[in-house]
Amino acid sequence: MKQSLIIDCDPGVDDATGLLTAFASNDLDLLAVTTVGGNVSAVQTARNARILRQIAGREDVPVHAGAERPLKREPAGAGEFHGAEGLGDLAPFEPEAPAGDGTAAEAIVRLVMERPAGSVALAVMGPMTNLALALRAEPALAAHLGPVVAMGGARAEGGNITASAEFNIWADPDAAAEVFASGCRMIVMGLDVTHQVRATEDRINAIEAVDTASARTAAAMLRFSQRIERVIVGWDAGPLHDPCTVAWLLKPELFDLAPCRIDVETQSDLTRGHTAVEFRVEAATANHFWATKADADGVFALITERLGAGA
């Protein structure tokens, strides 16, 4: 059976590769894409998701625009890593198909609650604001959702926006704290694992060799990230963060998970968005699972294969 899925994202160059991979995967029943302000503004992320939908030829998938700002904080972007418009070197344009009716939070509640309990997975590639708002609107949502696969957080690797915080959690730590405390079953792709999945020259070359619009677009995003990571961070091969969520849904055996409890720091300015990952838990009752290891070759082989679908 196909896995029913909602993708909540803030595209974003790595979000773009994750979205394009999901759009090309026939074994996913992609119910909707919801967007949130994060890497760039909410207006830009909603447009970018629609641009990527058009490139992939998947106008059958609705896109619902979501929260424009965090629950309690001022919006913060990451345009230096994603380009001013959020899609690297890709020149933005107005997509042909409009956004769907209703907000992202409303769409999440409706699409999950109208289906059997546990049947709809949610991949969260940006700040967790939309999911927090959905849980506030429908408290039964946590028990009705299938797995929530989120890219966010850091433990051993330290942070990428502050010394201890990863950007997606830092951007709206209050939303993340509510989601982690909600009872949702969460598989979390933090920097500890996404830093293992790096876009080396050989891996980018393999995607560039695929003759589809989706592969060409994803390869261009990876080239942009490679250039930016070299300049800003000094890495020759940048990490591929958000697509790890989709890769886990498609092929969970590519990742090792450890049961844990995750709490988020919301009070301290110094450690805002820090994820406290506690492994001393009862595995049988754990709701949180921290990814500790990834098969990077396998992840890139999967993405390359899916982006070539229909070639």
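The structure contained in this document is the topic of the report that follows. Predicted model only: the values in this text are computed from it and were never measured.

1. Thoughts on the overall build of the chain
Inference 1: Of the regular secondary structure elements, the chain holds 13 helices and nine strands.
Inference 2: The C-alpha radius of gyration computed for the chain amounts to 17 Å, which stays within 12% of the reference 19 Å derived for 311 residues, consistent with globular compactness.
Inference 3: C-alpha atoms of the chain, sized along the principal axes, occupy 45 × 40 × 40 Å.
Inference 4: By the burial criterion, 59% of the 311 residues in the chain qualify as buried.
Inference 5: Contacts spanning at least 24 positions in sequence make up 82% of the contacts within the chain whose residues lie at least 6 apart.
Inference 6: Taken as a whole, the chain presents about 12100 Å² of accessible surface, with 51% of it coming from carbon and sulfur.

2. So, the packing of aromatic side chains
Inference 1: Applying the stated criterion to the full structure yields one aromatic pair.
Inference 2: A ring pair is formed by phenylalanine 167 and tryptophan 170, whose centres lie 6.3 Å apart and whose planes are at 35°; its orientation type is tilted. A residue pair is termed a helical-turn pair when its members lie 3 or 4 positions apart in one helix, as phenylalanine 167 and tryptophan 170 do in helix H7 (residues 167-171) at three residues.
Inference 3: Of note, arginine 198 hangs over the ring of tryptophan 235, and the distance from its end group to the ring centre comes to 4.2 Å.

3. Side note on the nonpolar core
Inference 1: Of all hydrophobic cores here, the largest spans 55 residues; its most connected members are Leu5, Ile7, Leu30, Val33, Met189, Ile207 and Phe255.
Inference 2: Looking at this core, the element that brings in the most residues is helix H11 (residues 213-232), giving seven residues.
Inference 3: By size, the runner-up hydrophobic cluster in this structure holds 35 residues, among which are Ala32, Ala107, Cys260 and Ile262.

4. Structural notes on the side chain of histidine 241
Inference 1: In this structure, histidine 241 sits in the loop between H11 and helix H12 (243-250).
Inference 2: Look at histidine 241 and you get buried, because its relative accessible area is 12%.
Inference 3: A polar contact is formed between the side chain of histidine 241 and the side chain of threonine 194, at a distance of 2.8 Å.
Inference 4: Ignoring sequence-local partners within four residues, the contact set of histidine 241 consists of Asp14, Met151, Leu191, Thr194 and His195.

5. Focus: the side chain of threonine 21
Inference 1: Position of threonine 21 relative to the elements: it lies in helix H1 (residues 13-23).
Inference 2: In this structure threonine 21 comes out as buried when scored by relative accessible area, which is 2%.
Inference 3: In this structure threonine 21 touches Val246, Leu250, Ile303, Arg306 and Leu307, once residues within four positions along its chain are discounted.

6. Points about the pairing of strand E8 (residues 275-278)
Inference 1: Side chains Thr275 and Val277 of E8 all project onto a buried face; the interleaved residues Ala276 and Glu278 project onto a face where none is buried.
Inference 2: Two strands pair when backbone bridges link them, and strand E7 (residues 255-264) and E8 are joined in this way by four bridges, in the antiparallel orientation. Residue pairing in the sheet places aspartate 263 in a bridge with alanine 276 of E8.

7. Concerning the sheet that holds strand E2 (residues 28-35)
Strand pairing in a sheet is mediated by backbone hydrogen bonds. Such pairs are either parallel or antiparallel.
Inference 1: Strand order in this open sheet of nine strands is E3-E2-E1-E4-E5-E6-E9-E7-E8, and the pairing throughout is mixed. The sheet terminates laterally at strand E3 (63-65) and E8, the two strands that pair on one side only. Neighbouring strand axes in the sheet, compared pairwise and without regard to direction, differ in orientation by 30° on average.
Inference 2: Note: E2 against E3, three bridges, orientation parallel. Among the inter-strand pairings, valine 33 is bridged to a residue of E3, identified as valine 63.
Inference 3: Docked against the sheet, helix H2 (residues 42-56) engages E2 and E3, running at close to 175° with respect to E3.
Inference 4: Lying on the sheet, H12 is in contact with strand E1 (3-9), E2, strand E4 (120-124), strand E5 (148-151), strand E6 (186-189) and E7; it crosses E5 at an angle near 150°.

8. With respect to the packing of H2 against H11
Inference 1: One way to put it is that H2 packs onto H11 with a least axis distance of 8 Å and a crossing angle of 140°. On the basis of their axis angle, the class for H2 and H11 is oblique. Contacts between H2 and H11 involve Leu52, Ile55 and Ala56 on the former and, on the latter, Ala213, Ser214 and Thr217.
Inference 2: Of the residues that constitute the contact of H2 with H11, the class distribution is four nonpolar, two polar and no charged.

The rules we used
Residue numbers here run from 1 along each chain, matching the order of that chain's written sequence. Whole-chain, interface and lining totals are the exception, using all residues; otherwise, since this is a predicted model, local features are given only for residues with pLDDT of at least 70 and side-chain atom pairs are given and counted only at 80 or more. Just so you know, side-chain values use all the structure's heavy atoms and leave hydrogens and water out. Helix and strand labels come from DSSP, where a helix needs a run of H or I of at least four residues and a strand needs a run of E of at least two; each type is numbered from the N terminus. Our radius of gyration looks at C-alpha atoms and nothing else; its globule reference is 2.2 Å times the residue count to the power 0.38. Exposure classes here rest on a 1.4 Å probe applied to the protein chains alone. A residue is buried below 20% of its type maximum, exposed above 50%, and partly exposed in between. Contact criterion: two residues are considered in contact whenever any of their non-hydrogen atoms come within 4.5 Å of each other. Where accessible areas are quoted, they stem from the Shrake-Rupley method and a 1.4 Å probe; at the residue level, only the protein chains shown are allowed to cover. Only Phe, Tyr and Trp rings take part, Trp by its six-membered ring, and two of them pair if their centres are within 6.5 Å. Stacked means planes under 30 degrees apart, edge-to-face means over 60, and tilted covers everything else. Only when the NZ of Lys or the CZ of Arg is both within 6 Å of the ring centre and within 35 degrees of the ring normal is a charge said to sit over the ring. Residues belong to a common nonpolar core when they are buried Ala, Val, Leu, Ile, Met, Phe, Trp, Tyr or Cys residues joined through side-chain atoms within 4.5 Å. Distance and chemistry together define a polar contact, namely a pair of N or O atoms within 3.5 Å, with one atom able to donate a hydrogen and the other to accept it when in protein, and with adjacent residues in sequence counting only for side-chain atoms on both sides. By the convention used here, strands pair only if DSSP detects at least 2 bridges between them. To obtain each axis, a line is fitted to C-alpha atoms, and for helices this fit is confined to the stretch in contact; angles are then taken between N-to-C directions over 0 to 180 degrees. If an angle is under 35 degrees, it is roughly parallel; if it is over 145, roughly antiparallel; if it lies from 65 to 115, roughly perpendicular; otherwise it is oblique. Each residue gets one of three labels, nonpolar for Ala, Val, Leu, Ile, Met, Phe, Trp, Tyr, Cys and Pro, charged for Asp, Glu, Lys and Arg, and polar for the others, Gly among them.

Interpretation in functional terms is not warranted from these geometric data alone.
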